[in-house]
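# Remarks on the overall topology
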Amino acid sequence: MSSDFPADHLPRRRVGAEGQRFGADYLLLDAEGRTLRGLNATAVRIWELCDGTRSARSVAEVVAREFSMDVGQVLTDTVRFLSDLARLGLVDELQEVR
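Computed from a prediction, not measured in an experiment: that's the story for all the values here. (Residues numbered from 1 in each chain as written. Predicted model: local features only at pLDDT ≥ 70, side-chain atom pairs only at ≥ 80, totals over all residues. Heavy atoms only, no water.)

### A short note on the pattern of salt bridges
Opposite charge on two side chains permits them to pair, given that their charged atoms come into close proximity. To keep it simple, the criterion reads: Salt bridges are identified by distance alone: a Lys or Arg side-chain nitrogen within 4 Å of an Asp or Glu carboxyl oxygen. Comment: elements are numbered from the N terminus, with helices defined as DSSP H or I runs of at least four residues and strands as E runs of at least two. The rule is simple: take the accessible area with a 1.4 Å probe, protein chains only, and divide by the maximum for that residue type; under 20% is buried, over 50% is exposed, in between is partly exposed.
The tally for this structure, following the rule as stated, stands at nine salt bridges. In this structure, D92 engages R12 in a salt bridge whose closest nitrogen and oxygen atoms are separated by 3.8 Å. Note that D92 is positioned in strand β5 (residues 91-94) and R12 in strand β1 (residues 10-13), a separation of 80 residues in sequence. Assessed through its relative accessible area of 36%, R12 is described here as partly exposed. Two residues, E48 and R45, come together in a salt bridge whose shortest N-O distance is 3.3 Å. Within this pair, E48 and its partner R45 are both found in helix α1 (residues 41-49), separated by three residues, close to a single helical turn.

### Topic: the packing of α1 against helix α2 (residues 56-67)
As a reminder, the rule being used: Angles run from 0 to 180 degrees between N-to-C directions of axes, and those axes are lines fitted to C-alpha atoms, restricted for helices to the stretch in contact. Angles are sorted into four bins: roughly parallel if under 35 degrees, roughly antiparallel if over 145, roughly perpendicular if 65 to 115, and oblique for all others. Rotating anticlockwise by less than a right angle from the far helix to the near helix defines a left-handed crossing, while the corresponding clockwise rotation defines a right-handed one. Two residues form a contact once any of their heavy atoms are found within 4.5 Å. We call Asp, Glu, Lys and Arg charged. Ala, Val, Leu, Ile, Met, Phe, Trp, Tyr, Cys and Pro are nonpolar, and the rest, Gly among them, are polar.
At their nearest, the axes of α1 and α2 sit 10 Å apart, and the two run at 140 degrees to each other. Here α2 runs oblique to α1, going by the angle between their axes. Handedness of the α1/α2 crossing: right-handed. Residue-level inspection shows A41, T42, R45, I46 and L49 of α1 in contact with α2, the latter providing V59, V62, V63, E66 and F67. Per-class residue counts for the contact of α1 with α2 are seven nonpolar, one polar and two charged.

### Looking at the layout of surface pockets
Inclusion rule: Any residue with an atom within 4 Å of a point lines the site, the site being either a cavity, points on a 1 Å grid over the protein atoms alone where a 1.4 Å probe fits but cannot get out, or a pocket, an open set with protein on both sides within 12 Å along at least 5 of 7 lines. Grid points are joined across faces, edges and corners, and a volume is the space filled by probe spheres set on the points.
The volume enclosed by the largest pocket comes to roughly 170 Å³. Lining the largest pocket, in full, are L39, N40, T42, A43, I46, V63, M69, V74, D77, T78, R80 and F81. At the level of elements, α1 and α3 (71-87) are the ones that each hand at least two residues to the lining of the largest pocket. Each residue belonging to the lining of the largest pocket can be placed in one class, and the counts come to seven nonpolar, three polar and two charged.

### Examining the packing of α2 against α3
Taken N-terminus to C-terminus, the directions of α2 and α3 make an angle of 125 degrees; their axes are 8 Å apart at the nearest point. Our classification of the angle between α2 and α3 gives oblique. In this structure, α2 crosses over α3, and the sense of that crossing is right-handed. Along its contact with α2, which presents A56, R57, V59, A60, E61, V63 and A64, the element α3 presents V71, V74, L75, T78 and L82. Classifying every residue of the contact of α2 with α3 by side-chain character gives nine nonpolar, one polar and two charged.

### With respect to the side chain of T78
Locating T78 in the fold gives a position in helix α3. With sequence-adjacent residues up to four places away left out, T78 is seen in contact with I46, A56, V59 and A60.

Here is the structure:
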């Protein structure tokens, strides 16, 4: 897998990975129970949209629209975040079928 999550690939939460709000924090747990916490609202929304039905670019477009942000910057941040999630084993990178 490349170091950057391709914008045209589909991020999908890995089986066993879960997200849950715990007080003011949002926790991500991998299948082994390791925790990543401290996600901001846009990162939580990206995580929620990782269902394997839309590309990273489409995820960024939704987030940019919902949070009234620049889509170019959101795409850069989304690709970086998805790359981190993939390295941590929390999302799979599916190739888009054309």
